[in-house]
Amino acid sequence: FRSTVSGSKDSFVYLMNQKASQLGMKNTVYSNTTGLGNNNRTTAEDAYVLLEYALQNKIFCQIFGRRSYKIVNATGERLITTTNQLIRENSDYNVPECLGSKYGACGSLGNIVAVTQKNDDLYVGIFLGIKGSDKYIDAKNLLRSVLNLE
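Residues numbered from 1 in each chain as written. Predicted model: local features only at pLDDT ≥ 70, side-chain atom pairs only at ≥ 80, totals over all residues. Heavy atoms only, no water.

(A) Structural context of the overall build of the protein. On a plain count of helices and strands, the protein comes out with five helices and five strands. The order of helices and strands in the protein, counted from the N terminus, is α-α-α-α-β-β-β-β-β-α. With respect to the three principal axes, the spread of C-alpha positions in the protein is 50 × 45 × 35 Å. Relative to its 150 residues, the protein shows a buried fraction of 29%. Taken as a whole, the protein presents about 10000 Å² of accessible surface, with 49% of it coming from carbon and sulfur. Side chains of the protein give 17 positive and 13 negative charges; the mean places of these two sets differ by 8 Å. (Helix = DSSP H or I, 4+ residues; strand = E, 2+ residues; numbered from the N terminus. Buried < 20%, exposed > 50% of the residue type's maximum accessible area, 1.4 Å probe, protein only. Areas by Shrake-Rupley, 256 points an atom, 1.4 Å probe, with all protein chains shown as cover. Lys, Arg positive; Asp, Glu negative; His and termini not counted. Charge placed at Lys NZ, Arg CZ, Asp CG, Glu CD.)

(B) Structural detail: the side chain of Lys135. Note on placement: Lys135 falls in helix H5 (residues 135–146). Those residues in contact with Lys135 that lie beyond four places of it in its chain are Tyr103, Ile112 and Ile130. (Contact = heavy atoms within 4.5 Å.)

(C) Main features of the pattern of salt bridges. Summed over all chains, the structure comprises one salt bridge. With a shortest N-O distance of 3.7 Å, Lys70 and Glu77 are connected by a salt bridge. Its relative accessible area of 49% is what places Lys70 among the partly exposed residues. Its relative accessible area of 57% is what places Glu77 among the exposed residues. (Salt bridge = Lys/Arg side-chain N within 4 Å of Asp/Glu carboxyl O.)

(D) Structural context of the packing of aromatic side chains. Tallied over the full model, the rule gives three aromatic pairs. Taken together, a centroid distance of 6.1 Å and an interplanar angle of 25 degrees make the contact between Tyr93 and Tyr136 stacked. Of the two residues, Tyr93 sits in the loop between strand S2 (76–81) and strand S3 (98–106) while Tyr136 sits in helix H5, which places them 43 residues apart along the sequence. Where Tyr103 meets Tyr136, the ring centres are 5.9 Å apart and the plane angle is 45 degrees; that geometry is what we call tilted. Placement of the pair is Tyr103 in strand S3 and Tyr136 in helix H5, with a sequence separation of 33 residues. Classification of Tyr136 by relative accessible area gives buried; the value is 8%. Grouped by ring-pair contacts, the aromatic residues Tyr93, Tyr103 and Tyr136 constitute a single cluster. (Phe/Tyr/Trp six-rings, centres within 6.5 Å; stacked < 30°, edge-to-face > 60°.)

(E) Region of the structure containing the confidence of the model for the protein. With 93% of its residues at a pLDDT of 70 or more, the protein has an overall mean of 87. Put simply, helix H1 (residues 2–6) is where the protein has its lowest mean pLDDT, 70, and helix H2 (residues 9–22) is where it has its highest, 94. (pLDDT = per-residue confidence, 0-100.)

(F) Expanded view of unusual backbone geometry. At Asn90, a residue that is not glycine, the phi angle is positive and equals roughly 65 degrees. Structurally, the position occupied by Asn90 is in the loop between S2 and S3. The backbone phi angle of Asn119 is positive, close to 55 degrees, even though this residue is not glycine. Summarising the element assignment, Asn119 is placed in the loop between strand S4 (109–118) and strand S5 (121–131).

(G) Structural view of helix H3 (residues 44–54). Within the span of H3, buried status applies to Asp46, Ala47, Leu51 and Ala54. Viewed along the axis of H3, the buried residues span an arc of 140 degrees, placing them on a single side of the element. (Arc of directions from axis to C-beta.)

(H) Structural view of the environment of Gly65. Structurally, the position occupied by Gly65 is in the loop between helix H4 (58–64) and strand S1 (68–73). Judged by its relative accessible area of 15%, Gly65 falls in the buried class. Between the alpha carbons of Gly65 and Leu36 there is a distance of 21 Å; along the sequence they are 29 residues apart. Gly65 has contacts with Ile87, Leu99 and Gly100, leaving out every residue within four places of it along the chain.

Okay, structure coming up:
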């Protein structure tokens, strides 16, 4: 994909940084095509700007909250299930009100972006620099607290 769009990894990273700048993401710098790793940086504010932009894309919205996806091809069917514990069914960390969530890791730190809904109100939780196995516990507790859930 990146070769088709820009010709090379470096060119694609340049386009990613250009788009971040166009969106007003003043504190975000990408150093690779995944946006993961210690040389990439962002802030909660910039992550929110990117999320707002992404939520305008119908395909992104369909994928963002997907708990599973069935792939059908010539060799058969395959069901891919999310590993994201906030939206995964039967997870101890599942938040049913969570419409979508994305987890990404940078070294030993993790980042979670989650969108929840109560009544007609949307709530966005952006958790940066979460460490260890408690990442989903902390995110779940904070989201449930904001939504006034027990």
